[in-house]
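Spelled out from the first residue to the last, the chains are:
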Amino acid sequence: MKVILTEKPSVARDIARCLNIRNKRDGYFEGNGYRITWAFGHLVELKEPDDYHKEWKRWSLESLPIIPEKFGLKARGDASAKKQLNTIRHLFKEADEIICATDAGREGELIFRYILSWSQCLSKPFKRLWISSLTDEAIRKGFAQLQDGRLYDNLYRAAKCRSESDWIVGLNATRLYTLKFGQNGTLWTIGRVQTPVLALIVQRDAEIANFIPKDFWELQTLYRNTVFQYAGGRFDRQVDAVELLSRIDGHEFQIMAVKGKKETVNPPLLYDLADLQKDMSMRYGFTAERTLTCAQQLYEKKHITYPRTGSRYLSDDMKADMKPLLEKLRRSFGPQIAPLDLDGLALNARYFNNVKVTDHHAIIPTTTLPDSLSSDEAKLYQVIVIRFIAAFYPPCIRLITTVQGETNHTKFNATGIAIESPGWQVLYKGDDKQETLPDFTQGETGLHQPSVSQGKTKPPKPYTEATLLSMMESAGKTCDDEVLKDVLKEKGLGTPATRASIIETLIMRNYIKRQKKNLISTEAGRYLIAIIADDRLKSAAMTGEWEFKLKKIEQNAHDPDQFMMEIIQFISGIILFTQKIKDESIRLPEAVIKPPIIIVPPDYDANKLGECPLCHKPVIEGRKGYGCSGWKEGCQFVLWKEAYGVSITYEIASQLLQNGRTLQAYDVHVGNKTFDAHLTLNGQGETSYIKAASQSVSGVKEAIAACPLCNGQIIETPKAYSCSEWRNGCKAVIWKTIAHKKITAAMAKKMIATGQTGVLKGFKSAKGSAFDANLKFVDGKVQMDFSKPA
């Protein structure tokens, strides 16, 4: 008897149908020498601290660090999970061979190995089904090429290290900061990956809040309806721009040179999950979680290949499949495929590269075409198919023209872009940008209209899901080059499969929030980052290094025991450092003087759905919604996967079922209106919404000047005007009260700009005697000057 374990019931049904197994039992299918059973995601998890030692249940600084000698496993708490787990254990015990058919990736491997270990069946022989799509053809081919399960031991070791390191860092750091800095029962949740991601967002928001716009002036001239920009760049002073304008005004404009070059723009690489999430965010405003959920649904319906991939390439053995796939797609995408010569497809190394395909290849459509799709699914399927078709189109050829002009020895430039051959860009109408120029001739002259325009420097933009995902991919480093991006991916924050959930977790915990398309930190998020004095907990680079080592463990190139020892040393150092900190040495930003309260239900468990509001039986996930497990007994409760335009993810569903409402507000669509609201679920199983109360978020006050000592900004705080770089050692400060006299922001600005205020009246000595003084700002400190002006 061979027992097959899948990650969810829908995949078990697909495999059963493909293998012609018809007999349905309680918790499994049976027939043809197989029993096919399923998990509900993570049915087995790491034990809680008090499962090892009862004294670890009480939160205390003295008990830290909590590190089990050997990690143990336990069944997930809900009744439906325990029942199914016992079914799996019974089947495993009776099996002659076990086949792992969970998702082909790190987390899928962990789900299977934890169940195998908990069932005490480690000695059983097992095989691995490794497929990248759920089409019947892929399933049959996968079963014909089953691998020895032990070939994936390194993948399991990496998954186990990830799971245990997250437990050690998250549990110990959360207890540490909650005990030391929690007030009024506030829970400060810290994670190995989520906290560095939060730090990136808080840092960006601080850069925006502290940004001081600066005026600049630009000189341009209009010649033959074309704007030429001054070649010397911007001016910091208006007088300089106006002076140069006066020198060229009235002189003829002459074309000195006309240069043209052709630029070849190749079609974009195929989608991996991160690139797909970024594109859907920019095109349609999809969240990363919404894109992943939709992609998973298309995958389970057999329309696309495995979505949780980090590769943008196909393997060489797939070249022969391209023509049949395009011929099949022609039924739905005829006009787009018509220009292609299917017998002479360009199958080059830009898209086919075995070295760059690891667990799974890029996301592409399958030969199973959809009959009907939801609005979200249709949008996602469309972009995946068009990106795939574009790979076989010729490059776009652009003509870049640079024109150099001159008037009275002052040089100007203009640049134009013309599409000579659109190539693949015909598939993306509206995306191609053209700035055509008239036909200029070297040596021609004529009248022109010079002018000066004023502008202001702009602050950095807040993170969107697309830009944050890019930063998570590269662990906080910016890069536009595709080759370098692949290198940086090796040290990213999280994995393609986990980044969406990290963002949603930060939102659920009220550390960040969505503001239209932007992701911004909340008061709670800024406060948490402010109290974390040890930068290692916030370091994107360090977390990226850990992810790099986990990938090396997968490749048998790094010792998992060494990795875990480094994690233990890391958290031990964090605890030792933090326990020595005195509370008064933590200086908080103006925006978060009082710690906010994070309201999360004490019994809320994000790893389970919850009970049916009608009959109180466990709720289970289906393809289109979350329904009652008592449906056979007649319970008709179902929570659909879309409500009021909001995609109901597993996490949102668990909040509704356990809490009766979502923990955060979403963009709710009712009729032609869109507004922020919390989704609700009442006792009759009906969804509704409550409009979110408008909350004023107190931001950091605008800087009054640049710091004269460093690259920081002088910011107003309750008691002083001080440098934003105080953490890095800058001592610049102007107290708001000096000798009983209030120092205004205008006085502070003048002192910083000119070095002194001039003689001020109204000071009082300790004995109450009035006196006058000139305040001088010297080396970041205020000094009193009593000398009389000459």
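Residues numbered from 1 in each chain as written. Predicted model: local features only at pLDDT ≥ 70, side-chain atom pairs only at ≥ 80, totals over all residues. Heavy atoms only, no water.

A.B. asks: Whenever I open this one, the overall build of the protein confuses me. Can you help?
C.D. replies: Within the protein, the regular secondary structure consists of 21 helices and 36 strands. Projected onto its principal axes, the C-alpha coordinates of the protein cover approximately 105 × 80 × 55 Å. Buried positions account for 50% of the 790 residues belonging to the protein. The long-range fraction of contacts in the protein, counting pairs at least 24 apart against all pairs at least 6 apart in sequence, stands at 68%. Summed over its atoms, the accessible surface of the protein is roughly 38500 Å², and 49% of this surface lies on carbon and sulfur atoms. Averaging the locations of the 109 positively and 92 negatively charged side chains of the protein gives two centres separated by 4 Å. (Helix = DSSP H or I, 4+ residues; strand = E, 2+ residues; numbered from the N terminus. Buried < 20%, exposed > 50% of the residue type's maximum accessible area, 1.4 Å probe, protein only. Contact = heavy atoms within 4.5 Å. Areas by Shrake-Rupley, 256 points an atom, 1.4 Å probe, with all protein chains shown as cover. Lys, Arg positive; Asp, Glu negative; His and termini not counted. Charge placed at Lys NZ, Arg CZ, Asp CG, Glu CD.)

A.B. asks: Would you take a moment to explain the pattern of salt bridges for this structure?
C.D. replies: Between side chains of opposite charge, a pair can form when the charged atoms approach closely. A complete count under the given rule lists 46 salt bridges for this structure. With its nearest N and O atoms 3.0 Å apart, the salt bridge here joins Glu406 to Lys411. Residue Glu406 is classed as buried on the basis of its relative accessible area of 17%. Shared partners join several salt bridges into a network, and the residues in it are Asp14, Arg17, Asp136, Lys302 and Arg623. (Salt bridge = Lys/Arg side-chain N within 4 Å of Asp/Glu carboxyl O.)

A.B. asks: Just to check I follow, could you spell out the side chain of Arg76 for this structure?
C.D. replies: For Arg76, the position within the fold is in the loop between strand 6 (73-75) and helix 3 (79-94). What makes Arg76 buried here is its relative accessible area of 6%. Here Phe40 takes part through its backbone oxygen, which lies 2.9 Å from a polar atom of the side chain of Arg76. (Polar contact = N/O pair within 3.5 Å; in protein donor to acceptor, adjacent residues only side chain to side chain.)

A.B. asks: Even after reading the chapter, I still don't get the sheet that holds strand 35 (residues 770-778), so can you show me in this structure?
C.D. replies: Sheet strands line up and pair through hydrogen bonds in the backbone, either parallel or antiparallel. With antiparallel pairing, 3 strands are arranged side by side in an open sheet as 34-35-36. Because the sheet does not close on itself, it has two edges, and the strands there are strand 34 (756-764) and strand 36 (781-785). Each neighbouring strand pair of the sheet contributes to a mean axis angle of 40°, computed without reference to strand direction. Where strand 35 meets strand 36, 5 bridges bridge the pair, whose relative direction is antiparallel. Counted as the bridge partner of Phe777 is Val782 from strand 36. The sheet contacts of helix 21 (residues 745-754) involve strand 34, strand 35 and strand 36, and relative to strand 34 the element is tilted by about 140°. (Pairing = 2+ DSSP bridges. Axes fitted to C-alpha atoms, helices over the stretch in contact; angles between N-to-C directions.)

A.B. asks: Help me out: how do you make sense of helix 17 (residues 523-531) in this one?
C.D. replies: The α-helix advances 3.6 residues per turn, and as a result positions three or four apart in sequence lie on the same side. Burial runs high along helix 17: 8 of the 9 residues are buried. The complete set of buried residues in helix 17 reads Ala524, Gly525, Arg526, Tyr527, Leu528, Ile529, Ala530 and Ile531. Close packing links the buried residues of helix 17 with helix 6 (153-181), helix 7 (194-209) and strand 19 (518-521).

A.B. asks: Honestly, the sheet that holds strand 19 in this entry has me stumped. Any pointers?
C.D. replies: Taken in spatial order, the 3 strands make up an open sheet running 17-19-18, and their pairing is antiparallel. Each of the sheet's edge strands pairs with one partner strand only, and the pair in question is strand 17 (463-464) and strand 18 (512-515). Relative to strand 19, strand 18 runs antiparallel, the two being bridged by 4 bridges. Paired with Ile512 across the two strands is Ser521, which belongs to strand 19. The strands touched by helix 7 are strand 17, strand 18 and strand 19; relative to strand 19, the strand with the most contacts, the crossing angle is about 90°.

A.B. asks: Whenever I open this one, the packing of helix 10 (residues 288-300) against helix 16 (residues 499-508) confuses me. Can you help?
C.D. replies: Helix packing for two helices is described by the angle between their axes and how far apart those axes are. Between helix 10 and helix 16, the least distance of the axes is 8 Å, while the angle of their chain directions is 135°. The angle between the axes of helix 10 and helix 16 places the two elements in the oblique class. Judged by the twist between their axes, the crossing of helix 10 over helix 16 is left-handed. Residue-level inspection shows Ala288, Glu289 and Leu292 of helix 10 in contact with helix 16, the latter providing Ala500, Ser501, Ile503 and Glu504. Split by residue class, the contact of helix 10 with helix 16 holds 4 nonpolar, 1 polar and 2 charged. (Parallel < 35°, antiparallel > 145°, perpendicular 65-115°, else oblique. Left-handed = near helix turned anticlockwise from the far one by under 90°. Nonpolar A, V, L, I, M, F, W, Y, C, P; charged D, E, K, R; others polar.)

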